[in-house]
Amino acid sequence: CGWPTDNPGTLETNQVMEQDATLPTAWLEDQCGEMVDLWDFYGRYIVLDSTQSDCGYCLLMAEAAPEFLADMEDQGVPVVFVSMLGDGLSNVIGEPSDSTYNDYMDAYGGADPLLRDRGYGYAMFGGYLGDALGYPAWAIVRPDMTVMTVETGFSDWSEMAELILEDWEG
């Protein structure tokens, strides 16, 4: 799909998502059928979203993402929205079927990656949030690939925009 390939290659991680630690990387399939390394987005803020196609708040987040991304671009802040789609709330560690994936892509796909989750989101976010894991689960990752924050739920993009802008200007 032509995503950036700015992988720093030398980052060290302990494979556990932690605030201010390096994001554990993963290779997941995108909408072009290609494998994408999360570290290839080095140099940009990443809003990493663990989402399910039958989660109402997840769908609201995806629907509102283009406006948020346009606002960040207008302010000169490099942000990519990387969604990892699971098989649904009844099978959060499953890879989505082709029909589930394609339907989601048709409704919410855009210029940013939609990755087929194979349990990475559940493992990483569940390991961090524990019993508080819910959907959508999202993290903001700094351009140096350190995790800035990890949250669950969605009301609007204002909180994420504020966090990114504070860090960007900071």
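Residues numbered from 1 in each chain as written. Predicted model: local features only at pLDDT ≥ 70, side-chain atom pairs only at ≥ 80, totals over all residues. Heavy atoms only, no water.

**Thoughts on the pattern of salt bridges**
For clarity, the cut-off: When a carboxyl oxygen of Asp or Glu is within 4 Å of a side-chain nitrogen of Lys or Arg, the pair counts as a salt bridge. Secondary structure counts use DSSP, requiring at least four H or I residues in a row for a helix and at least two E residues in a row for a strand, with both numbered from the N terminus. Exposure is judged per residue with a 1.4 Å probe applied to protein chains only, and the accessible area is read against the type maximum: over 50% gives exposed, under 20% gives buried, and values in between give partly exposed.
Using the criterion set out here, one finds five salt bridges in the structure. For R116, the salt bridge identified is with E29, shortest N-O distance 3.8 Å. A residue pair is termed long-range when its members are at least 10 positions apart, and R116 in strand β5 (residues 114-116) and E29 in strand β1 (residues 27-29) qualify at 87 residues. On the basis of relative accessibility, which here comes to 8%, the residue R116 falls in the buried class. Between R116 and D98 there is a salt bridge whose closest N-O contact spans 3.1 Å.

**Observations regarding the packing of helix α1 (residues 56-74) against helix α4 (residues 158-169)**
Which entries qualify depends on this criterion: Axis geometry follows a simple rule: fit a line to the C-alpha atoms, using only the stretch in contact for helices, then measure angles between N-to-C directions, giving values from 0 to 180 degrees. Our angle categories are set so that under 35 degrees counts as roughly parallel, over 145 as roughly antiparallel, 65 to 115 as roughly perpendicular, and the remainder as oblique. Handedness of each helix crossing follows the sense of rotation of the near helix against the far helix: counterclockwise by less than a right angle gives left-handed, clockwise gives right-handed. Should any heavy atoms of two residues lie within 4.5 Å, those residues are considered in contact. Classification convention: Asp, Glu, Lys, Arg as charged; Ala, Val, Leu, Ile, Met, Phe, Trp, Tyr, Cys, Pro as nonpolar; all other residues, Gly among them, as polar.
At a minimum axis separation of 11 Å, α1 and α4 run at an interaxial angle of 30°. By the criterion of interaxial angle, the relationship of α1 to α4 is roughly parallel. Along this stretch, α1 crosses α4, giving a crossing that reads as right-handed. Each of M61, F68 and M72 in α1 lies in contact with α4, whose residues at this interface are M160, A161, I164 and L165. When grouped by side-chain class, the residues that make up the contact of α1 with α4 number seven nonpolar, no polar and no charged.

**Points about the state of the cysteines**
Selection rule: We call a pair of cysteine sulfur atoms a disulfide whenever their separation is within 2.5 Å.
Here the structure, examined in full by the defined rule, presents two disulfides. Paired through a disulfide, C1 and C32 show a sulfur-sulfur distance of 1.8 Å. What sets the handedness of the C1 and C32 disulfide is the S-S torsion sign, and at about 105° it is right-handed. Of this pair, C1 sits in the segment before β1 while C32 sits in the loop between β1 and β2 (35-37), and the two are 31 residues apart along the sequence. Using a relative accessible area of 32% as the deciding quantity, one classes C1 as partly exposed. On the basis of relative accessible area, C32 is assigned to the partly exposed category, the value being 44%. Disulfides within the protein link the bonded cysteines, taken in sequence order, as 1-2, 3-4.

**Details of helix α2 (residues 98-108)**
Quick note on the threshold: Picture the helix axis, draw a direction to every C-beta atom, and the arc is the one those directions span.
Restricting attention to buried positions, one finds in α2 the residues T100, Y101, Y104 and M105. Seen end-on, α2 carries its buried residues on one side only, within an arc spanning 130°. Projecting away from the buried face of α2 at angles above 90 degrees are the exposed residues D98, D103, D106 and A107.

**Focus on the confidence of the model for the protein**
Formally: pLDDT: the predictor's confidence for each residue, scored from 0 to 100.
Within the protein, residue pLDDT values average 93, and 100% of them lie at 70 or more. Mean pLDDT across the elements of the protein bottoms out in helix α3 (residues 120-129) (91) and peaks in strand β6 (residues 137-141) (97).

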